[in-house]
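As a plain string of letters, each chain reads:
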Amino acid sequence: MRNPIVRLGAIIVLVVAIVVAWASLFTVRETEQAVVLRFGAVRNVITEPGLYMKAPFIDVVLPVEKRVLSLDIPPQTVLSADRQNLEVDAFSRYRIVDPLQFYQSVNNIENARARLQSFINSAMRNVLANASFPEIIRTNRVELMLRIQEIVDRQADSLGIEIIDVRLTRVDLPPANSEAVFRRMQTEREREAADLRAQGAQRAASIRARADRDVTVIIAEANRTAEELRGAGDAERNRILAGSFSVDPEFFAFYRSMQAYEQALMRNENAETRIVLSPDSEFFRFFADPSGRRAGEEGALPPPAGAGAAPGPVSAAPAAPAAPADGTGSVPAPIELPAEAADEDATDVVPATAVAPAPALAQ
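Being a predicted model, the structure only gives us computed values, none of them experimental.

**Student:** Can you tell me about the pairing of strand β2 (residues 32–38), naming the residues and giving the values?
**Tutor:** Along β2, 6 of the 7 residues are buried, which leaves the element largely enclosed by surrounding structure. Bridge count for β2 against strand β5 (residues 59–65) is 7 bridges, and the pairing is antiparallel. Residue pairing in the sheet places Val36 in a bridge with Val61 of β5. Pairing analysis gives 5 bridges linking β2 to strand β3 (residues 41–46), with the strands arranged antiparallel.

**Student:** Which residues make up the pattern of salt bridges, and what values do they have?
**Tutor:** Counted under the stated rule, the structure contains 11 salt bridges. Among the ionic pairs, Asp59 bridges to Arg38, the shortest N-O distance being 2.5 Å. Here Asp59 is found in strand β5, whereas its partner Arg38 is found in strand β2, with 21 residues between them in sequence. For the salt bridge of Glu65 with Arg67, the shortest nitrogen-to-oxygen distance reads 2.5 Å.

**Student:** Can you break down the sheet that holds β3 residue by residue, with the values?
**Tutor:** Read from one edge to the other, the open sheet built from 3 strands follows the order β3-β2-β5, with strand pairing classed as antiparallel. Two strands bound the open sheet, and with one partner strand each, they are β3 and β5. On average, adjacent strands in this sheet sit at an angle of 25° to one another, irrespective of strand direction.

**Student:** Could you give an account of the nonpolar core, with specific residues and numbers?
**Tutor:** In a soluble, globular protein the nonpolar side chains are often hidden away together inside. Ranked by size, the top nonpolar core spans 38 residues in total, and within it Val88, Leu116, Met124, Ile148, Ile161, Ile163 and Leu168 carry the most contacts. Looking at this core, the elements that each hand over two or more residues are β2, β6 (69–79), β7 (85–96), α2 (99–105), α3 (109–128), α5 (141–156) and β8 (161–172). Residues within four places of Met124 in sequence aside, it is in contact with Ile73, Gln76, Val78, Val88, Ala90, Ala129, Ile148 and Leu168. Among the nonpolar cores identified, the runner-up in size contains 7 residues, and Phe251, Met258, Tyr261 and Phe284 belong to it.

**Student:** Report on α5, specifying residues and quantitative values.
**Tutor:** Look at α5: 22 Å from first C-alpha to last across 16 residues, which is about the 22 Å you get at 1.5 Å a residue. For α5, every residue scored as buried is listed here: Arg141, Leu144, Met145, Ile148, Gln149, Val152 and Ala156. The arc that holds every buried residue of α5, seen down its axis, measures 140°, which confines them to one face. Where the residues of α5 are buried, they touch α3, α4 (133–139) and β8.

What counts and how
Residues numbered from 1 in each chain as written. Predicted model: local features only at pLDDT ≥ 70, side-chain atom pairs only at ≥ 80, totals over all residues. Heavy atoms only, no water. Buried < 20%, exposed > 50% of the residue type's maximum accessible area, 1.4 Å probe, protein only. Helix = DSSP H or I, 4+ residues; strand = E, 2+ residues; numbered from the N terminus. Pairing = 2+ DSSP bridges. Salt bridge = Lys/Arg side-chain N within 4 Å of Asp/Glu carboxyl O. Axes fitted to C-alpha atoms, helices over the stretch in contact; angles between N-to-C directions. Core = buried A, V, L, I, M, F, W, Y, C linked by side-chain atoms within 4.5 Å. Contact = heavy atoms within 4.5 Å. Expected span 1.5 Å × (residues − 1). Arc of directions from axis to C-beta.

Have a look at this one:
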């Protein structure tokens, strides 16, 4: 009888011991801290992870987050130093560094979030109220966020919380003012674009004028060089012609007359003027006699008739067949220089060419 009762008592004692042992042990994780309370009073503060003991059924363990926490601040309307209403959206990151002070001041995370939000809103209003809109948007945004962080960190120190960072995620004008600001910015950009286009047009006109001036100078210099070369060529040609004249004046006269015939009798489609000249005029004296002498003068040749030869003092070659007469006289035979003139200075002699039949005079 006693044996079953003893066994039952032993089992009960063992179960109670296991329950007491289970209630006496607790674990603190790596991401947590713990505050041990006994009847509402703080008994112990544990900041390191591990297995710990407490009084069973008497002590209460409150875990406190050890990791970095974030707090998103709802958008707030802030008035800047230049009297601009700004919609500011921010967030903060914080960490609980003193679990005991945290428990005594705010007790839990929800109360801590509410206190931190009020601290951040107050600091933002105070700091941004002393800064202009351009400073908040562009120039001094980082410095302003650091100043807000310092103010909030000093206030949160009484809560056992360390503020790691405060960031302004969005700073913008209210919707009613945004359109006006955008229109003003668009007008300024259009004015800058017009200024740039005007400067570009001015530079283009300057470059174009300089290029036109350079073209004019280059063309003028080219024309001057061409005139100089043309004058030098004409001088050289005149020198050669003068040398030819000194060698054989009769051939020179004949050659210049042939050039005059070519220029005067050349067909010009644009010219409508007609000239009527007598075949016996001084201009056509080489048509009747290759030597240019008039009939009856000394050394004059009789006018050729039919296919007869046209001898002359300046021609040693046989006469070519004469073309039929057309009323202006027959065509003389090809002319050659005298052998004596060719022997004296062969370099100054201009070779004679066969003269084509002259066209009939226009009626």
